[in-house]
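Working through the structure, step by step
Now for the letters of each chain:
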Amino acid sequence: MSDRLKANLVLDKEYKIANIDERIYGSFIEHLGRAVYGGVYEPSHSEADDQGFRKDVMKLVRDLQVPIIRYPGGNFVSGYRWEDGVGPKEDRPRRTELAWRTIETNQIGTNEFFDWTKKVNSNIMMAVNLGTRGIDAARNFIEYCNLPGGTYWSDLRKSHGYNQPHNIKTWCLGNEMDGDWQVGQKTATEYGRIARETAKAMRLVDPTIELVACGSSGSGMPTFPEWEATVLDHTYNEVDYISLHQYYGNQENDPANYLAKNIDMDHFIKTVISTCDYIKAKHRSKKTINLSFDEWNVWYHSNDADKKIEPWSIAPPQLEDHYNFEDALLVGSMLITFLKHADRVKMACLAQLVNVIAPIMTENNGRSWKQTIYYPYMHASVFGRGVSLEPVLSSPKYDSKDYTDVPYVDCAAVYNEENEEVTLFIVNKHLEESISLSADIRSFEGYRLIEHIVLENDDLKAVNTPAEQVVAPHTNGDSKLENGHLEVNLSKTSWNVLRLKR
């Protein structure tokens, strides 16, 4: 094999980036399309439980080990009255939902969603409406959710059958408030002021919460990163995180350029970190603001279909991207990017979880199945707990339309000292050639290779369907470990998970 197609890696247990916050494997459920109705909740389904939740979907979610789920939006939250979704279902109003121009029946709300997250072993990242509402609704909401009792709103929750508080500890102060598509769009100063005052009021009710301020709704916004600087100038002492949102697509059908887009994500993260640290210096603060990348994914396949949806329908099939194999490769590289920034990216939410730009798809009254992107997300979540290590990697590179010096090989490494396990996540982006990777892992003496999982397919456009999983992992990876040297054959365009155990 030619020198051009060889990569080298040195991995040492002392080269630590940071402890990984498991919440980087979070996800997102919005009242949008069939995410809730027909996704997680379908009382007429043969596999519905006593609350109407689909047991087949719950199983697929539990297998992902999702630690936190953002709710109820998204753009939806900027027009949402949380009070509409609590109390007797027969009394709940049907509302026009302005973000996605549908009818919201409010048959699922805060309490039901809390029940569902417990069934899938997860927690809630709750968002408050800072579009059409503000301080009063937010402080009432947290009183309803988190106070034990003895006040109007906490006693109302108890009257709804929830004697114990929900104790939701992570809250988003609005959503994408810089976007002109947002109901109640604000300037950075307008948003910074309302976010600060709302945060103060919420913390007076429950001082133990964590708060996320809205960053730019994408790195391409004309106000980025000035928005972050202004918002943090107002909120620095009141919040713990600032949010990042980013979606990628392959509209030009240029796979080499598409698979390089995690470089853009890396640049986005570094720019937000530097903006946070500038405001930290400006405020002479000892506190560090961390990042919540609470919307990220591939999103472009469904754009044309979404234009044809009839307004004011209930749970139409919106944003239903059918993901292909190359999408799974980019999702893998994006997960690797988070692990490389584990010192500052502490939460991230794959948007979304079911049906809407999601790893899990369902048929109404029918089957559920795993999309291609399910697999790298599952592997990272299940095997990516511990300390993120800094892999010293030399890889052949290529140039694409928008990026230069793109490494063909992306790699992240996770060391779980407690379980005495090391996991390598590796993507080979080369469209035609396998790459031979030599890794020096002598610092992990006594470790053996227990599994080499590979996700690969000769067709970059291959998709999974309810009938057939044409894109699914196998464990026949070509690799061997001898005397502290790991030799790996990375097949062309592949996602690889190498698991080592002492």
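**A few points about the overall build of the protein chain**
For the protein chain, the count of helices and strands is 11 helices and 25 strands. Computed over the C-alpha atoms, the radius of gyration of the protein chain is 23 Å, within 12% of the 23 Å expected from 2.2 N^0.38 for a compact globule of 502 residues. Dimensions of the protein chain, computed from the C-alpha atoms along their principal axes, are close to 70 × 60 × 45 Å. Here the protein chain holds 502 residues, and 61% of them are scored as buried. Once local pairs closer than 6 in sequence are excluded, the contacts in the protein chain between residues at least 24 apart make up 77%. When the 55 basic and 72 acidic side-chain charges of the protein chain are each reduced to a single mean position, those positions are 4 Å apart.

**Some remarks on the nonpolar core**
Counting 150 residues, the largest nonpolar core has Trp 116, Trp 171, Leu 173, Tyr 191, Phe 293, Trp 296 and Leu 353 as its most contacted members. The leading source of residues in this core is helix α10 (residues 325–340), at 10 residues. Discounting residues that sit within four places of it in the chain, Trp 116 has contacts with Val 40, Phe 53, Met 58, Val 61, Ile 69 and Leu 353.

**Here's the deal with the packing of aromatic side chains**
Aromatic ring pairs are described here by two measures, namely the spacing of the ring centres and the angle between the planes. According to the stated counting rule, one finds 22 aromatic pairs in the structure shown. Here the aromatic rings of Tyr 41 and Phe 53 are separated by 5.9 Å at their centres, their planes lie at 65 degrees, and the arrangement is edge-to-face. With Tyr 41 in the loop between β3 (26–28) and α1 (55–64) and Phe 53 in the loop between β3 and α1, this pair connects stretches of sequence that are 12 residues apart. Owing to a relative accessible area of 1%, Phe 53 belongs among the buried residues under this scheme. An angle of 85 degrees between the planes, with centres 4.9 Å apart, marks the rings of Tyr 247 and Trp 299 as edge-to-face. Of the two residues, Tyr 247 is situated in strand β10 (residues 241–248) and Trp 299 in the loop between β11 (290–298) and α9 (303–306); the sequence distance between them amounts to 52 residues. Judged by its relative accessible area of 26%, Trp 299 is partly exposed. Members of the aromatic cluster, each reached through a chain of ring pairs, are Trp 82, Phe 141, Tyr 144, Tyr 152, Trp 153 and Trp 171. One cation-aromatic arrangement involves Arg 70 over Phe 28; the distance from NZ or CZ to the ring centre is 4.6 Å.

**A few points about the sheet that holds strand β19 (residues 409–416)**
In a beta sheet, neighbouring strands are held together by backbone hydrogen bonds and run either parallel or antiparallel to one another. What the 6 strands build is an open sheet, ordered β2-β15-β19-β20-β25-β22; its pairing is antiparallel. In the strand order of this sheet, the two ends are held by β2 (16–19) and β22 (448–456), each with one partner. When the angles between neighbouring strand axes are averaged without regard to direction, this sheet yields 20 degrees. When strand β15 (residues 387–389) meets β19, the two strands line up antiparallel, connected through 3 bridges. Across the sheet, residue Ser 388 finds its bridge partner in β19, namely Val 414.

**Here we look at the packing of helix α3 (residues 135–146) against helix α5 (residues 188–205)**
Between α3 and α5, the shortest axis-to-axis distance is 9 Å and the interhelical angle comes to 30 degrees. Judged on the interaxial angle alone, α5 and α3 are roughly parallel. With respect to the hand of their crossing, α3 and α5 are arranged in right-handed fashion. Where α3 abuts α5, its residues Ile 135, Ala 138, Arg 139, Ile 142 and Glu 143 lie against Ile 194, Glu 197, Thr 198, Ala 201, Met 202 and Val 205. Grouping the constituent residues of the contact of α3 with α5 by class yields 7 nonpolar, 1 polar and 3 charged.

**Description of the sheet that holds strand β23 (residues 478–482)**
Here we have 5 strands laid out as an open sheet, ordered β16-β1-β21-β24-β23, and mixed in their pairing. Since the sheet does not close on itself, it has two edges, and those belong to β16 (392–394) and β23, each with one partner. With direction set aside, neighbouring strand axes in the sheet form an average angle of 15 degrees. As paired strands, β23 and strand β24 (residues 485–490) are joined by 5 bridges and run antiparallel to one another. Across the sheet, the residue bridging to Glu 482 is His 485, located in β24.

**Re a nonpolar patch on the surface**
On the surface, Val 10, Tyr 15 and Val 392 cluster together into a nonpolar patch covering about 240 Å² of accessible area. Tracing the backbone shows Tyr 15 in the loop between β1 (6–10) and β2. On the accessibility criterion, Tyr 15 (38% relative accessible area) is partly exposed.

**Notes on helix α6 (residues 226–235)**
Within α6, 7 of the 10 residues are buried, which leaves it mostly tucked inside the rest of the structure. All of the buried residues along α6 are Trp 227, Glu 228, Ala 229, Thr 230, Val 231, Leu 232 and Thr 235.

**Overview of helix α8 (residues 262–282)**
Three or four residues apart is the spacing at which side chains of an α-helix point the same way, because the helix has 3.6 residues per turn. With 21 residues, α8 should reach 30 Å at 1.5 Å per residue; the first-to-last C-alpha distance of 30 Å fits that figure. Looking at α8, one finds that the buried residues are Asn 262, Met 265, Asp 266, Phe 268, Ile 269, Thr 271, Val 272, Ile 273, Thr 275, Cys 276 and Ile 279.

**Regarding the side chain of His 31**
One can find His 31 in the loop between β3 and α1. The exposure class of His 31 is buried, given its relative accessible area of 4%. Here Glu 104 takes part through its side chain, which lies 3.1 Å from a polar atom of the side chain of His 31. In contact with His 31, not counting residues within four places along its chain, are Val 36, Tyr 37, Tyr 71, Pro 72, Phe 76, Glu 97, Trp 100, Glu 104 and Ile 108.

**Examining the pairing of β1**
Where burial is concerned, the two faces of β1 differ: the one with Ala 7 and Leu 9 is buried and the one with Lys 6, Asn 8 and Val 10 is not. With 5 bridges joining them, β1 and strand β21 (residues 435–440) adopt parallel strand pairing. The residue bridging Lys 6 from the neighbouring strand is Ser 436, located in β21. For β1 and β16, the ladder comprises 3 bridges, and the chain directions are antiparallel. The residue of β16 that forms the bridge with Asn 8 is Ser 394.

Conventions we followed
Residues numbered from 1 in each chain as written. Predicted model: local features only at pLDDT ≥ 70, side-chain atom pairs only at ≥ 80, totals over all residues. Heavy atoms only, no water. Helix = DSSP H or I, 4+ residues; strand = E, 2+ residues; numbered from the N terminus. Rg over C-alpha atoms; globule rule 2.2 N^0.38 Å. Buried < 20%, exposed > 50% of the residue type's maximum accessible area, 1.4 Å probe, protein only. Contact = heavy atoms within 4.5 Å. Lys, Arg positive; Asp, Glu negative; His and termini not counted. Charge placed at Lys NZ, Arg CZ, Asp CG, Glu CD. Core = buried A, V, L, I, M, F, W, Y, C linked by side-chain atoms within 4.5 Å. Phe/Tyr/Trp six-rings, centres within 6.5 Å; stacked < 30°, edge-to-face > 60°. Lys NZ or Arg CZ within 6 Å of the ring centre and 35° of its normal. Pairing = 2+ DSSP bridges. Axes fitted to C-alpha atoms, helices over the stretch in contact; angles between N-to-C directions. Parallel < 35°, antiparallel > 145°, perpendicular 65-115°, else oblique. Left-handed = near helix turned anticlockwise from the far one by under 90°. Nonpolar A, V, L, I, M, F, W, Y, C, P; charged D, E, K, R; others polar. Patch = residues over 30% accessible without salt bridge, like charges linked within 9 Å, V, L, I, M, F, W, Y side chains within 5 Å. Areas by Shrake-Rupley, 256 points an atom, 1.4 Å probe, with all protein chains shown as cover. Salt bridge = Lys/Arg side-chain N within 4 Å of Asp/Glu carboxyl O. Expected span 1.5 Å × (residues − 1). Polar contact = N/O pair within 3.5 Å; in protein donor to acceptor, adjacent residues only side chain to side chain.

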